[in-house]
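Here are the chains, one letter per residue:
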Amino acid sequence: MLGPVRRTVRTPRQSVALAVCVAVLAGAGAAGCAGAHVPARPAAPAAGATTEVTAMSEAAHSVVRVRGYASSCRKPLEATGFVYAPERVMVNAHTVAGADRDLEVVLGDGRFAAQVVAFDPEADAAVLRAPGLTARPLRFTQASITAAVVVGYHKGATVPVELPAKVRPDQPAESYDIYNRVRVSLRIHRFQGAAITPGMSGAPLVSDGDRVAGMVFAADTEKADVGYALTTAQFSAVATSGRRATTAVPHDPCD
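The paragraphs below set out a description of the structure included in this document.

1. What about the side chain of N92?
Here comes step 1: Of note, N92 is situated in the loop between β6 (88-91) and α1 (93-96).
Here comes step 2: A residue is classified by how much of its surface remains accessible, and N92, at 0% relative accessible area, is buried.
Here comes step 3: In this structure the side chain of N92 is engaged in a polar contact, spanning 2.9 Å, whose partner is the backbone nitrogen of G202.

2. Section: the pairing of strand β4 (residues 63-70)
Here comes step 1: The buried count for β4 comes to 6 of 8 residues, which makes it a mostly enclosed element.
Here comes step 2: The sheet contact formed by β4 and strand β5 (residues 75-85) spans 8 bridges and is antiparallel. The residue of β5 that forms the bridge with G68 is L77.
Here comes step 3: Counted between consecutive antiparallel strands, the loop separating β4 from β5 contains 4 residues, among which R74 sits at a positive phi close to 50 degrees.
Here comes step 4: Pairing between β4 and strand β7 (residues 101-107): 4 bridges, direction antiparallel.

Cut-offs and rules
Here the residue numbers are simple positions, counted from 1 along each chain's written sequence. Reporting in this predicted model follows two pLDDT cut-offs: at least 70 for local features of residues, and 80 or more for side-chain atom pairs to be given and counted; totals over whole chains, interfaces and linings ignore these cut-offs and use all residues. Think of the side-chain values as coming from all heavy atoms in the structure, minus any hydrogens and water. Where helices and strands are cited, they refer to DSSP runs of H or I of at least four residues and of E of at least two residues respectively, numbered from the N terminus. Burial here depends on accessible area, computed with a 1.4 Å probe over protein chains only, as a share of the maximum for the residue type. Under 20% is buried, over 50% is exposed, and the range in between is partly exposed. Under the rule applied, a polar contact is a pair of N or O atoms within 3.5 Å (in protein, one hydrogen donor and one hydrogen acceptor; residues adjacent in sequence only if both atoms are side-chain atoms). For two strands to pair, DSSP has to find at least two bridges joining them.

Encoded structure:
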């Protein structure tokens, strides 16, 4: 099984060890993470944390499961993604790094073969092309928000959960790319009230019903209900390059 790899994201006021939810290993409930251990089962809400929303929103119909296998590191993957353009799904780059077999997106009873058409290990963002996927694209927003809903799939789940969260204004942060090689500057949202578990990397941070304000990429290792999302400005260039791309791009090695 894969062991955790440390990754630190530094904000102007603090240095926080983050557990980045990556592809989840089948069996044993373990997860390979850039950061410390992430619980294999949904964590209990922290005191004062909001609970899951049971009624599925309109946005949830555009949030997909991402599955595949990376042969080079013998790692099955399971993550969340969201449709942002026709037949295009936005995901974290670390969740599909090295994936070379059975890559697909799953929505309800539909399964769609996918290929990586944009991949940026520094932005931790990638785009999948999934021919035949007809889900309505969600729109991006860069508006300032104080509340949102995280929509994503717990490991092994077939129905997404919706976790309300309080959101701080976006802020700069310093980290490294998904391979811990190159130092990068990020724009992130810190949110509280949503416990991020394996399988939820790539979940959209949704505001105003169907507007994506960010994409989940990490969870705080010390506070179960605190998570971090890349702002839409952080991955907009990747989204643009993948919107009409039809040719697979390199996305090795495993992270």
